[in-house]
Amino acid sequence: MDIRTDAEIIESDPFYIRTASPVTDDRSLVLKEGDSFVLVDRHGDIRPEKLGEEGLYHEGTRHLSRLTLTFSGRWPLLLSAAVRNDNAGIAVDLTNPDLIDDGVITVPRGTLHLAHMMVLSNGVLHNRLRLRNYGMAPVRIVLGLEFDADFVDIFEVRGTPRARRGQRLDPVVSGNEVVLGYRGLDDVVRRTRLIVESPNAQIGRSRVLFDSTLPPHGEQQYTLSFGCESGGESSRVTFPVALDTVTESLERRRREYCEVTTSNQQFNNWLSRSLADMSMMVTSTRQGEYPYAGVPWFSTPFGRDGIITALECLWINPSVARGVLSFLAATQATVVQPDADAQPGKILHEMRSGEMAATGEIPFGRYYGSHDATPLFVMLAAAYYERTDDATFIERLWPAIEAALHWIERDGDLDGDGFVEYARQSPGGLVQQGWKDSHDSVFHDDGDLATAPIAMCEIQAYAYGAWRGAASLATAIGQTGRAQAFARKANALFERFDAAFWNDSISTYALALDGSKRQCAVRASNAGHTLFSGIAPRHRAGSVARTIMAPEGFSGWGIRTLSTSEIRYNPMSYHNGSIWPHDNALIALGLTRYGFHDEALAVLTGLFEASLFMDLHRLPELFCGFARERGEGPISYPVACNPQAWASASVFLLVQAVLGLEVRAADRVVKLTRPRLPAFIDEISIRNLRVGPDTLDLVLERHENDVGTNVVRRTGSVEVIAIK
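Criteria and cut-off values
Residues numbered from 1 in each chain as written. Predicted model: local features only at pLDDT ≥ 70, side-chain atom pairs only at ≥ 80, totals over all residues. Heavy atoms only, no water. Pairing = 2+ DSSP bridges. Helix = DSSP H or I, 4+ residues; strand = E, 2+ residues; numbered from the N terminus. Axes fitted to C-alpha atoms, helices over the stretch in contact; angles between N-to-C directions. 1 Å grid on protein atoms, 1.4 Å probe; cavity = no way out; pocket = protein on both sides within 12 Å on 5 of 7 lines; lining within 4 Å. Points joined across faces, edges and corners; volume = space filled by probe spheres on them. Nonpolar A, V, L, I, M, F, W, Y, C, P; charged D, E, K, R; others polar.

A. Layout of the sheet that holds strand β29 (residues 661-664). Taken in spatial order, the 3 strands line up as β29-β30-β34 in an open sheet, and their pairing is mixed. The open sheet has two edge strands, β29 and β34 (719-723), and neither has a second partner. In this sheet, adjacent strand axes meet at a mean angle of 15° when their direction is disregarded.

This is the structure we're talking about:
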């Protein structure tokens, strides 16, 4: 028996994100661009004594750990703070408190207005400070900026201990620059370069002072930047150029998506925020654009996250999938490497570039410890081909697809029983290698943790989808014999899976099989992924759907990762009772494909109404699984990534699900099967939907008993088929 307390489990998990102090400031403001991101508080400050994760990060290292602004030594008063709608910058508006000299108020509060704008571009945090005097008399004011860089690895911020660190270098002040430096244990010198572009600044090793006298209604502007360097110098551009560059880049990415709007402005806000976040999370790589997983903990390429994000927005922007497939094919494992849980053909789990990855203190420099990414890779390739008819790309990708299929059949099946099982090889790697990769996420109904090798329910579903997808791809490139062989493998897995995983006592599929082939008879959201891939026979689908949507499974806000009836249920846990938007979206698509449209609408409705309570209408990585209470909102999970790519993209898949939308580019067909709209949306408009070389504009209107479909504009010979 392996029934351990939560504390014992956490203590043995080196990748648990530690939170020793309470979060005192409700929300951070976030910018991400390329391999950099910044988190500041509502004042635009980075204060190490407050939220432990605040800072400016670049390539896995924190390059700015303190940035605090004062008015003549006093903390300013906050007027407002927001991220721009397009994520191009952070705007913070501040004013002075009462400034007192010898007990006399010399400058009343609200006399001065400071507009602080931050822009992150090419590894440089640009700051513009505009100070205006709204008083009737001249005001002398000293703006102070304190700064520091601790150069800690992101895993140190998360709480992973280190036996030793590298060497902090003495700050160097030269003219209008200050350089902070650190030589890591990997012998890389990382620097933060402060450049003050405004004259008359007093520049020190950890502080900049701007001493100004402003006449009535006078204004003064100051600009400065913090550049992250690990090798060469950071780029030097002005604030306006940086803002224009970021704005244009985000707008270019937004244009790649077809436009979706509805009659409900609050729903439009959710769509717009999700689109802006997707544009920000996508990062340019040598192989194309790739959505990094999430800020702050996972702002790096993750295989599983990238694939699911691409699947979620495939119908609205297939170019994301092309970038994901290209990147993962280029980083696919080619050799056996136990310390990285790698075997030939296996798809990347995670790739890190920080100091701890470079020194091997964590195994995630290039790590392959996820067993679901490889079949999901093949599923995405097949879905991409159906969506685009891009046979040329599939032919180039085919060696990577074949290598992935070979891995599924050989190294992925540890004992040769036809199921895909995992047992970590790396002593520092992940114990659980499905999407629920917490140490305690796979267990039996008595709470006993499952022993390896473990065959997860949803991984078998993905393997089935991979064989089916491979059959369609082989047909497309003229390999008929291979296609038939792949189809036979899919059919065999279909039969074998149901016999081994179905459990009448819980009316759904078991969470997993342990190393003894004993079922983990636990009601979990994983079973919903059998509907997503189609491995569930139709006579089982109703039971799966009812179990998931029962009050024990559906909180009112969304589907819980674990039923409230299970022994390890905890609504505040990472994977054992919380609610994940991407999980819900995949299940919703599966529900509609088996005809459970009302249930899919309930999932969409719950998550939409949850978004109304979220800052910026942004759904986080996850939130707590407490039951919905009248007049109250959903309860946040304290260390969730926000934004998170697959949470941002979930709304697109939810819309696809309720509309029953399929795009078949080879046939030039857009198919809508029993489309539905929730009661709060009367109309949805889809503009510039690309189907091969052609485009389409659609308007769908909700009627009393169905949804009407109108083709507003069409180029080429695209056919719209609506099945009611």
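B. Summary view of the pairing of strand β7 (residues 90-95). Sheet topology note: the strand β6 (residues 77-83)/β7 ladder contains 6 bridges and is antiparallel. When the sheet's bridge partners are listed, Ala81 is paired in β7 with Val92. Once β6 ends, the chain turns through 6 residues before running back antiparallel as β7, passing Asn87 with a positive phi of about 65°. Direction of pairing for β7 relative to strand β10 (residues 112-121): antiparallel, over a ladder of 6 bridges. Bridging across to β10, Ala91 finds its partner in Met117.

C. Focus on empty space enclosed by the protein. The full count for this structure, using the stated rule, is 3 cavities of 30 Å³ or more. Approximately 80 Å³ is the volume found for the largest cavity. Thr508, Arg523, Ala524, Ser525, Ala527, Thr547, Ile548, Gly553, Ile559, Arg560, Leu562 and Ser563 are the residues that line the largest cavity. Put simply, the second largest cavity is a space of about 40 Å³. As for the second largest cavity, its lining consists of Phe267, Leu604, Val655, Val658, Leu659, Leu677, Pro678, Ile681 and Ile684. A total of 3 residues in the lining of the second largest cavity trace back to one element, the largest contributor, which is helix α17 (residues 650-659). For the lining of the second largest cavity, the per-class residue count stands at 9 nonpolar, no polar and no charged.

Such coordinate-based values are descriptive only and should not be taken to indicate function.
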